[in-house]
Structures are given as C-alpha cells and as structure tokens.
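Residues per chain, in single letters:
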Amino acid sequence: MSQSTIRKRSKRNDNTANNTNAPTAEQQQQQPKQQFGGISIWSRLIHRFIMLCMVWGGMYLFYFKQADHDQNRLMASVSDNIVDVPLIQELPCSDHYVQERTEFPKCAPIRCGRFVGDSIVDEHETMELRLLAETVFGISQPSGGVAIFDLASGALSNGTKFVNLWHLVKKRKNNLISKKSLDTFHIVKNKVIHNLAIQFGISPDQIHLTKPVFFTRITDAPAATLNDQYWHPHVDKVTYGTFVYTSLLYLSTYGNEFKGGRFFFLDNKRNVTIEPKFGRISAFTSSSENQHMVEQVDSGARFALTIPFTCDKSQAVNIPTID
Ligand SMILES: O=C(O)CCC(=O)C(=O)O
Ligand SMILES: [Fe+2]
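Bear in mind that the values here come from a model prediction, so they are computed numbers and not experimental data.

A word on the overall build of the protein
Okay, so step 1: The helix and strand inventory of the protein stands at eight helices and 18 strands.
Okay, so step 2: Counting every position in the protein, which comprises 323 residues, the buried fraction comes to 43%.
Okay, so step 3: Working note: accessible area of the protein is about 18,100 Å², and carbon and sulfur atoms make up 54% of it.

What follows is the structure, encoded as structure tokens:
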C-alpha cells in the first residue's frame, strides 16, 4: 500500500477520532467519492493487478514445471541411494518379443521396462572390476575417446584397431587379469541375473550371457573411429543383434569423476535420465521400448561395464578362465 494512502487513512482516522458522533449528512457528502471502505480505487486496482500477476505467475510456473516433467525425468540421480529394492519403471513390450516368447517362453520378457539398483553389487565387487578396467586400459592406447575391452573375445582397443588380450594372458605375456577379478565378474553377473528374473518374470537358468561383454572408458578425446561415436540414440537389440536384456554396472560417478556422460532413455514424450554412479546397476529389456543414448563426456574418465543377456543358447558366450 502506498504511503499517501496510509497518510490519507490516518488523516481520516484523526477526523473520526475528533468526532465522537456519527458524521452528519454534510460531512458524509464531503467524504471523497472514490473511497470504498477506506481504500482508494487506485490502491484497489494496484492490489488487483498484483493478485492477477501472482495468479498468472503461478500458472506459468506450473505449466513450465509440468512441461519439463513431461520432457525429462531424472530416474536416478547421483545423490539418490537406491538400496534394498530396485527402482522399477514398467513399459509395454515392443512386438519384437512375440516370436521370442514362443521360442523361449521362460526367458523372453513377460513384463518390459527398466530398473536401477545401488545395492545389487557391493563396493568391493565394484572396486575389483574398476581396478580390472583401469589395469587393462592402462596398456590400451585408443586413438579416440573410447577404450573398449570385451571380456568374452578379449578384444582391447589399440590405436584404431584391437589386440586380443586373452592371447597375451594365455601366453603368459602379462598377468593383467586375475582369477579374483574374473570370479568377481561371475558373482556380479549372477546377481544381475537374479534381479532380471525377479523384475521381468523369467527363469534365471534360461538366460545366457551374450557378446560383447565389455568395459568402456570414455574421455572427451575427439572420435577417431565409428566405435568412438557412442552418443547416438540406439536400440541394443538392433545394434548388437542378440541382446534381450542389457545390464550396465557403472564403475565411476557422474559429476565427481567425469562431466557429461549421463544415460538417457528416449521415451515418446520425455527423456528419462540415469546418472552413472559407482556400483549402480541399470538394467532393461533391450528392444525398442528402451531406446537410449549416452551424453557426450565433457571431461574426466567414465568407466562402465555392459553385461548383456540372450535367450538363445546358441548365442551364449563363456568367459575364459584363469587358474
Ligand atoms: O555406458 C552406458 O551407459 C551405455 C552404453 C550403451 O548404451 C551401449 O554400449 O550400447
Ligand atoms: Fe546401448
């Protein structure tokens, strides 16, 4: 309320204080005509205008929040700690599974979707696999921003090509991979299978590891090969052929060890974001209901392990053993 209004009001109060009796008809006629209940018409107009602005502002904010909510949803942020029960998003399955359901009824998904869990794999297991990745990538000199090591085939990025690490290990030319880290991998894989079976209503003994089972280290170095262009939207079943379930174990933390590099599910009306976090499992059915992409890494090094599964035993792979 303006100061002049306050002044006017106190003046009026003074007048009434002096007059103990009700105002005479003459006095009433002298009252300013533009006052209602003691507030000038201007004050009322300003008051109404402010109220209107507040209502419009509120509606505008609500609309924007709603629009943002429709376009993007942060499913799992780094500050979230998803323990005990995984966070699940169920989705209608794509038609891809129709044939798989008849061929592999205990493996093809009955329900589709995705889940995220931060306590499926423990800290020691994650650390063991992170160390494996760091050791292996220590001898890899990729030409671009992506270093890949496929645990199944042994292929390790080297320049614009690959070397076979298993050949080197078997020839005892190095001891980069220990039995302990491979045992840890199998423990992690079995934990993931257990969770996939629960979430997607399948039999744990009917899904099989398929290739490639790969570690990645992504930096901001410019792309030199097609493999380096990891940021394109894709559907894993189309890209890799045999995937029915994709699981990812993050071995480093977004915002802490690297910038950029978030994972986005590209749903019809919105993106659903997973922020990679050390020890976090993100798993999903691999068909078009889960189209996704990885944001470009701006700085630091992003480590992850992809563990994919198939229903088709003929597409299964074994990880070599070490004694
Ligand atoms: O590393 C990730 O978060 C996902 C990688 C991915 O989508 C892929 O390799 O197909
Ligand atoms: Fe993918």
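Continuing now.
What to know about the nonpolar core
Okay, so step 1: One finds I177 and F215 to be the most contacted residues of the largest nonpolar core, which totals 49 residues.
Okay, so step 2: Taken together, the elements giving at least two residues each to this core come down to β5 (112-117), α5 (123-138), β6 (146-150), α6 (165-170), α7 (179-200), β11 (245-250), β15 (281-285) and β18 (302-310).
Okay, so step 3: Looking at this core element by element, the count peaks at eight residues for α7.
Okay, so step 4: Judged by nonpolar contacts, the second largest core, of 20 residues, contains L248, F258, F284 and V294.

Quick notes on the side chain of S247
Okay, so step 1: With respect to the helices and strands, the residue S247 is situated in strand β11.
Okay, so step 2: Among the polar contacts listed, one links the side chain of S247 to the backbone oxygen of I307, at a separation of 2.6 Å.

Here we look at the pattern of salt bridges
Okay, so step 1: Counted by the stated rule, this structure contains nine salt bridges.
Okay, so step 2: Linking R130 and E257 is a salt bridge whose minimum nitrogen-to-oxygen distance equals 2.7 Å. In this pair, R130 sits in helix α5 while E257 sits in the loop between β11 and β12 (258-260), placing the two residues 127 residues apart along the sequence.
Okay, so step 3: Here R262 makes a salt bridge to E295, at a shortest N to O gap of 2.9 Å. Placement of R262 in the loop between β12 and β13 (263-266) and of E295 in the loop between β16 (292-294) and β17 (297-300) is noted, with a sequence separation of 33 residues between them.
Okay, so step 4: By relative accessible area, which is 18% here, E295 ends up buried.
Okay, so step 5: By sharing partners, the salt bridges in this structure join R130, E134 and E257 into a single network.

Let's talk about the coordination of the iron ion (ligand 2)
Okay, so step 1: The protein atoms that coordinate the iron ion (ligand 2) are H234 (NE2), D236 (OD) and H292 (NE2), at distances spanning 2.1 to 2.2 Å.
Okay, so step 2: Donor residues for the iron ion (ligand 2) sit on one chain with the sequence pattern H-x1-D-x55-H. Residue H234 is found in the loop between β10 (214-218) and α8 (236-240), and its partner H292 is found in strand β16; the two are separated by 58 residues along the sequence. The same class applies to H234 as to H292, namely buried.

What to know about the state of the cysteines
Okay, so step 1: Taken as a whole and assessed by the stated rule, the structure comprises two disulfides.
Okay, so step 2: Note on cysteine connectivity: C93 is disulfide-linked to C112, with sulfurs 2.0 Å apart. Residues C93 and C112 are joined by a disulfide whose S-S torsion is about 105 degrees; by sign, that bridge is right-handed. With C93 in the loop between β4 (87-91) and α4 (97-103) and C112 in strand β5, this pair connects stretches of sequence that are 19 residues apart.
Okay, so step 3: Of the residues examined, C112 reaches a relative accessible area of 1% and is grouped as buried.
Okay, so step 4: Sulfur-sulfur distance for the disulfide between C107 and C311 comes to 2.0 Å. Handedness of the C107-C311 disulfide follows from its S-S torsion of about -80 degrees: it is left-handed. In this pair, C107 is assigned in the loop between α4 and β5 and C311 in the segment after β18, connecting sequence segments 204 residues apart.
Okay, so step 5: Residue classification places C107 among the buried positions, given a relative accessible area of 1%.
Okay, so step 6: The exposure class assigned to C311 is buried, which follows from its relative accessible area of 4%.
Okay, so step 7: Sequence-ordered numbering of the bonded cysteines in the protein yields a pairing of 1-3, 2-4.

Observations concerning unusual backbone geometry
Okay, so step 1: Following K211, the chain continues into P212 via a peptide bond in cis, with omega recorded as 0 degrees.
Okay, so step 2: Mapped onto the secondary structure, P212 falls in the loop between β9 (208-209) and β10.
Okay, so step 3: Phi angles above zero are rare outside glycine, and D84 is one such case at about 65 degrees.
Okay, so step 4: By secondary structure assignment, the location of D84 is in the loop between β3 (72-76) and β4.

Digging into the site of ligand 1
Okay, so step 1: Taken together, F214, H234, D236, Y240, L248, Y250, F263, H292, V294 and R302 make up the full set of residues near ligand 1.
Okay, so step 2: When isolated, ligand 1 has an accessible area of 300 Å², and the protein chains bury 90% of it.

A short note on the layout of surface pockets
Okay, so step 1: The calculated volume of the largest pocket comes to roughly 550 Å³.
Okay, so step 2: F214, T216, Y230, H234 and Y240 are the residues nearest the centre of the largest pocket, which is lined by 25 residues in total.
Okay, so step 3: Those elements that provide at least two residues to the lining of the largest pocket are β6, β10, α8, β11, β16 and β18.
Okay, so step 4: Considering only residue class, the lining of the largest pocket consists of 14 nonpolar, nine polar and two charged.

Calculation rules
- Residues numbered from 1 in each chain as written.
- Chains lettered and ligands numbered in written order.
- Predicted model: local features only at pLDDT ≥ 70, side-chain atom pairs only at ≥ 80, totals over all residues.
- Heavy atoms only, no water.
- Helix = DSSP H or I, 4+ residues; strand = E, 2+ residues; numbered from the N terminus.
- Buried < 20%, exposed > 50% of the residue type's maximum accessible area, 1.4 Å probe, protein only.
- Areas by Shrake-Rupley, 256 points an atom, 1.4 Å probe, with all protein chains shown as cover.
- Core = buried A, V, L, I, M, F, W, Y, C linked by side-chain atoms within 4.5 Å.
- Polar contact = N/O pair within 3.5 Å; in protein donor to acceptor, adjacent residues only side chain to side chain.
- Salt bridge = Lys/Arg side-chain N within 4 Å of Asp/Glu carboxyl O.
- Donors = N, O, S within 2.8 Å, 3.2 Å for Na, K, Ca; no water.
- Disulfide = S-S within 2.5 Å.
- Near = heavy atom within 4 Å.
- 1 Å grid on protein atoms, 1.4 Å probe; cavity = no way out; pocket = protein on both sides within 12 Å on 5 of 7 lines; lining within 4 Å.
- Points joined across faces, edges and corners; volume = space filled by probe spheres on them.
- Nonpolar A, V, L, I, M, F, W, Y, C, P; charged D, E, K, R; others polar.

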